[in-house]
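# A look at the structure
Listed below, chain by chain, are the residues.
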Amino acid sequence: MAEHAPAAADAAPATSTAAPGGPADAARPRRSAATRAAILAAARDRFAADGYERATIRAIAKDAEIDPSMVMRYYGNKAGLFAAASEIEVHAPDLSHVPRDEAGARLVRHFLERWECDETLTGMMRVGVTNEAGAQRMRGVFAEQIKPVLAAVCPVPEEAPTRAALIASQILGMALCRYVLHIPPAVDLGHDELVAWLAPTVQRYLTAEQP
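Residues numbered from 1 in each chain as written. Predicted model: local features only at pLDDT ≥ 70, side-chain atom pairs only at ≥ 80, totals over all residues. Heavy atoms only, no water.

For the protein chain, an unreviewed UniProt entry supplies the name TetR family transcriptional regulator and the organism Streptomyces caniferus.

## Structural notes on the overall build of the protein chain
Convention followed: To qualify as a helix, a DSSP run of H or I must reach at least 4 residues; to qualify as a strand, a run of E must reach at least 2; elements of each kind are numbered from the N terminus. Accessibility here uses a 1.4 Å probe with only protein chains present; expressed as a share of the type maximum, an area under 20% marks a residue as buried, one over 50% as exposed, and anything in between as partly exposed. Working rule for contacts: check all heavy atoms of both residues, and any pair within 4.5 Å makes them a contact. Residue exposure ignores everything except the shown protein chains as possible cover, and the areas themselves are Shrake-Rupley values with a 1.4 Å probe.
Along the backbone of the protein chain there are eleven helices and zero strands. Each helix and strand of the protein chain, placed in order from N terminus to C terminus, yields the pattern α-α-α-α-α-α-α-α-α-α-α. Out of the 211 residues belonging to the protein chain, those deemed buried represent 44%. Of the contacts formed within the protein chain by residues at least 6 apart in sequence, a portion of 68% connects residues at least 24 apart. For the protein chain, the exposed area adds up to about 11,200 Å²; of that, 57% sits on carbon and sulfur atoms.

## Considerations on the UniProt feature "DNA-binding region" (unreviewed entry) in the protein chain
The line we're drawing: UniProt positions are given in the numbering used here, feature names are shortened, and annotations may be inferred rather than shown by experiment.
Per the UniProt record, "DNA-binding region" (unreviewed entry) is annotated on residues 56–75. A helix fraction of 80% and a strand fraction of 0% characterise residues 56–75, whose end C-alpha atoms lie 13 Å from each other.

## Observations concerning the packing of aromatic side chains
Heads up, the rule is: The rule is short: rings of Phe, Tyr and Trp, with Trp giving its six-membered ring, pair when the centres are within 6.5 Å, and they are stacked under 30 degrees, edge-to-face over 60, tilted in between. Both a distance and an angle decide whether a charge sits over a ring: NZ of Lys or CZ of Arg must be within 6 Å of the ring centre and within 35 degrees of the ring normal.
Under the counting rule described, the total for this entry stands at six aromatic pairs. A ring pair is formed by Phe47 and Tyr52, whose centres lie 5.8 Å apart and whose planes are at 20°; its orientation type is stacked. No difference in accessibility class separates Phe47 from Tyr52, as the two residues are buried. Judged by centre distance (5.1 Å) and plane angle (85°), the ring pair of Phe47 and Phe82 falls under edge-to-face. Pair noted here: Phe47 is in helix 2 (residues 23–54) and Phe82 is in helix 5 (residues 78–85), with a separation of 35 residues, a long-range link. According to the relative accessible area criterion, Phe47 is buried, its value standing at 1%. Exposure remark for Phe82: the relative accessible area of 10% places this residue in the buried category. Ring pairing ties together the aromatic residues Phe47, Tyr52 and Phe82, which thus form one cluster. Above the face of the Tyr75 ring, Arg36 is positioned so that its terminal group lies 5.7 Å from the ring centre. Its guanidinium or amino end placed over the ring of Tyr52, Lys78 lies 4.7 Å from that ring's centre, counting from NZ or CZ.

## Overview of helix 8 (residues 132–151)
Convention followed: By definition here, a helix of n residues has an expected span of 1.5 Å times n minus one. Bend at a given residue is defined as the angle between two axes, one fitted to the seven residues that end at that position and one fitted to the seven that begin there.
Across its 20 residues, helix 8 extends 27 Å between first and last C-alpha, which sits within 8% of the 28 Å expected from 1.5 Å per residue. Of all the bends found along helix 8, the most pronounced is centred on Gln145 and spans about 30°, while Pro148, a proline, follows it within four residues. Along helix 8, the residues that are buried comprise Gly134, Ala135, Met138, Gly140, Val141, Phe142, Gln145, Ile146, Val149 and Leu150. Of the surrounding elements, those touching the buried residues of helix 8 are helix 5, helix 6 (103–115), helix 7 (119–128), helix 9 (160–180) and helix 11 (191–207).

## Considerations on the environment of Ile66
With respect to the element layout, Ile66 can be found in the loop between helix 3 (57–64) and helix 4 (68–75). Given the relative accessible area of 11%, Ile66 is considered buried. The sequence separation of Ile66 and Ile39 amounts to 27 residues, and the corresponding C-alpha distance is 8.3 Å.

## Focus: helix 6
With 13 residues, helix 6 extends 18 Å between its outermost C-alpha atoms, agreeing within 8% with the 18 Å of an ideal straight helix rising 1.5 Å per residue. Along helix 6, the positions that sit buried rather than exposed are Ala103, Gly104, Leu107, Val108, His110, Phe111, Leu112, Arg114 and Trp115.

## Comments concerning the packing of helix 6 against helix 11
So the rule is basically this: To obtain an axis, a line is fitted to C-alpha atoms, over the contacting stretch when the element is a helix, and the angle between two such axes runs from 0 to 180 degrees between their N-to-C directions. Each angle gets one of four labels, with under 35 degrees taken as roughly parallel, over 145 as roughly antiparallel, 65 to 115 as roughly perpendicular, and the rest as oblique. In this scheme the crossing of two helices becomes right-handed for a clockwise turn of the near helix relative to the far one and left-handed for an anticlockwise turn of less than a right angle. Amino acids outside the nonpolar list (Ala, Val, Leu, Ile, Met, Phe, Trp, Tyr, Cys, Pro) and the charged list (Asp, Glu, Lys, Arg) are all regarded as polar, and Gly is one of them.
Viewed as axis vectors pointing N to C, helix 6 and helix 11 meet at an angle of 130°, and their least axial separation amounts to 7 Å. Of the possible angle classes, the one that applies to helix 6 and helix 11 is oblique. The crossing of helix 6 and helix 11 is right-handed. On helix 11, the residues that touch Ala103, Gly104, Ala105, Leu107, Val108, Arg109, Leu112 and Glu113 of helix 6 are His191, Asp192, Leu194, Val195, Leu198, Ala199, Val202, Gln203 and Leu206. Among the residues making up the contact of helix 6 with helix 11, the classes are represented as eleven nonpolar, three polar and three charged.

Structure, rendered in structure tokens:
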């Protein structure tokens, strides 16, 4: 892997005689960022494949082609690594400024765009369906970042948790089919088609009165 050389450079003693602030110092943050990225990518894949309990620092380091001590250096232990690997920011849109009848479409389109520009979401989806630690993290994301957005637009704010769960069934269900299971029809649909199919249901979950 391309990250192997930067990881080795991080682990090796400093031998450069370059003055502080020179090219060698400037390169270190780049090497560090590449090493962290390699560790986190390997961790997400390993947690997804083995679950939290069976995944090991040694296996993750092997996948990232670095020494296990580097994982410990950056993240301390497996719990710290999992917390970093599962850090998700969905950047949920402020629906209070969106025309009421367009809120469902806006939310669906936002999540499609987020899923396709951030591999962390797909990685955590895989972890979430294989072990409880990942599932708990996904539940936390929706509780912390989605329910407050819905509370601003749903007719009864106290119903926001229920409506968030219903919306999650649509958005996460499509994400599972499209990005994890790769079910062909779900993969082949364009954004506009997906929005057209999903938005009316999400809109009903957002703003309709209880059935």
